[in-house]
Amino acid sequence: MKSNVINNYRMGGYLLIALGLINLRYQTGHIAVLQHSLVIIIPGALILASTWLPASAKKLDSKAVQGVSLAIGLLLIAYAVIN
């Protein structure tokens with residue numbers, strides 16, 4: 001089960017990075033597009049990096065962390081869509 005949870009985190013991290021890069025490309029005319037895109041990209045990169053570190057990967061396996069990260073991930077996805 002642990003590898004399945006880690007794979008879900010990795011896919012979520014990749015999703016946030018992709019959404020941030022898409023946002024950066026398609027919102028080019030807006031003034032603060034880089035800041036808005038980095039708000040999406042940086043958490044995705046941190047989530048992805050944390051799955052490769054054994055100490056943080058253990059912490060990601062708890063139900064509390066899964067719930068919090070799911071909520072934050074959904075908020076970032078919504079932010080990317082409505083931004």
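Residues numbered from 1 in each chain as written. Predicted model: local features only at pLDDT ≥ 70, side-chain atom pairs only at ≥ 80, totals over all residues. Heavy atoms only, no water.

Trainee: It is not clear to me how the overall build of the protein should be interpreted in this structure. Could you clarify?
Mentor: Along the backbone of the protein there are four helices and zero strands. Reading the helices (α) and strands (β) of the protein from amino to carboxyl end gives α-α-α-α. With the principal axes as the frame, the protein shows a C-alpha extent of 45 × 20 × 15 Å. Counting only residues that meet the buried cut, the protein has 28% of its 83 residues in that class. Considering only contacts in the protein between residues 6 or more positions apart, those separated by 24 or more positions represent 70%. Accessible surface computed for the protein: about 5500 Å², of which carbon and sulfur atoms make up 75%. (Helix = DSSP H or I, 4+ residues; strand = E, 2+ residues; numbered from the N terminus. Buried < 20%, exposed > 50% of the residue type's maximum accessible area, 1.4 Å probe, protein only. Contact = heavy atoms within 4.5 Å. Areas by Shrake-Rupley, 256 points an atom, 1.4 Å probe, with all protein chains shown as cover.)

Trainee: Just to check I follow, could you spell out helix H4 (residues 63–82) for this structure?
Mentor: Because an α-helix completes one turn every 3.6 residues, residues spaced three or four positions apart along the sequence face the same direction. The end-to-end C-alpha distance of H4 is 29 Å, a good match for the 28 Å that 20 residues give at a rise of 1.5 Å each. The set of residues buried in H4 consists of Gln-66, Gly-73, Leu-76 and Ala-80. End-on view of H4: buried residues confined to an arc of 100°, all on one side of the axis. Across H4 from its buried face, at more than 90 degrees, point the exposed residues Lys-63, Ala-64, Leu-74, Leu-75 and Ile-82. (Expected span 1.5 Å × (residues − 1). Arc of directions from axis to C-beta.)

Trainee: Would you mind showing me how to read the packing of aromatic side chains here?
Mentor: The geometry of two aromatic rings is summed up by the distance between their centres and the angle between their planes. Counted under the stated rule, the structure contains zero aromatic pairs. Across from the ring centre of Trp-52, 3.5 Å away, lies the NZ or CZ of Arg-10, which sits over that ring. One residue, Arg-25, lies across the ring of Tyr-26, its end atom 5.7 Å from the ring centre. (Phe/Tyr/Trp six-rings, centres within 6.5 Å; stacked < 30°, edge-to-face > 60°. Lys NZ or Arg CZ within 6 Å of the ring centre and 35° of its normal.)

Trainee: Help me out: how do you make sense of the side chain of Asn-23 in this one?
Mentor: Mapping Asn-23 onto the fold places it in helix H1 (residues 2–26). In this view, Asn-23 contacts Val-33, His-36, Ser-37, Ile-40, Ala-80 and Asn-83; residues no more than four positions away in its chain are not counted.

Trainee: Quick question: what am I supposed to make of the confidence of the model for the protein here?
Mentor: The predicted coordinates of low-pLDDT regions are not to be read in fine detail. Counting all residues, the mean pLDDT for the protein is 90, and 98% of those residues have values of 70 or more. The secondary structure element of the protein with the lowest average pLDDT is helix H3 (residues 54–59), at 88, and the one with the highest is helix H2 (residues 33–52), at 94. (pLDDT = per-residue confidence, 0-100.)

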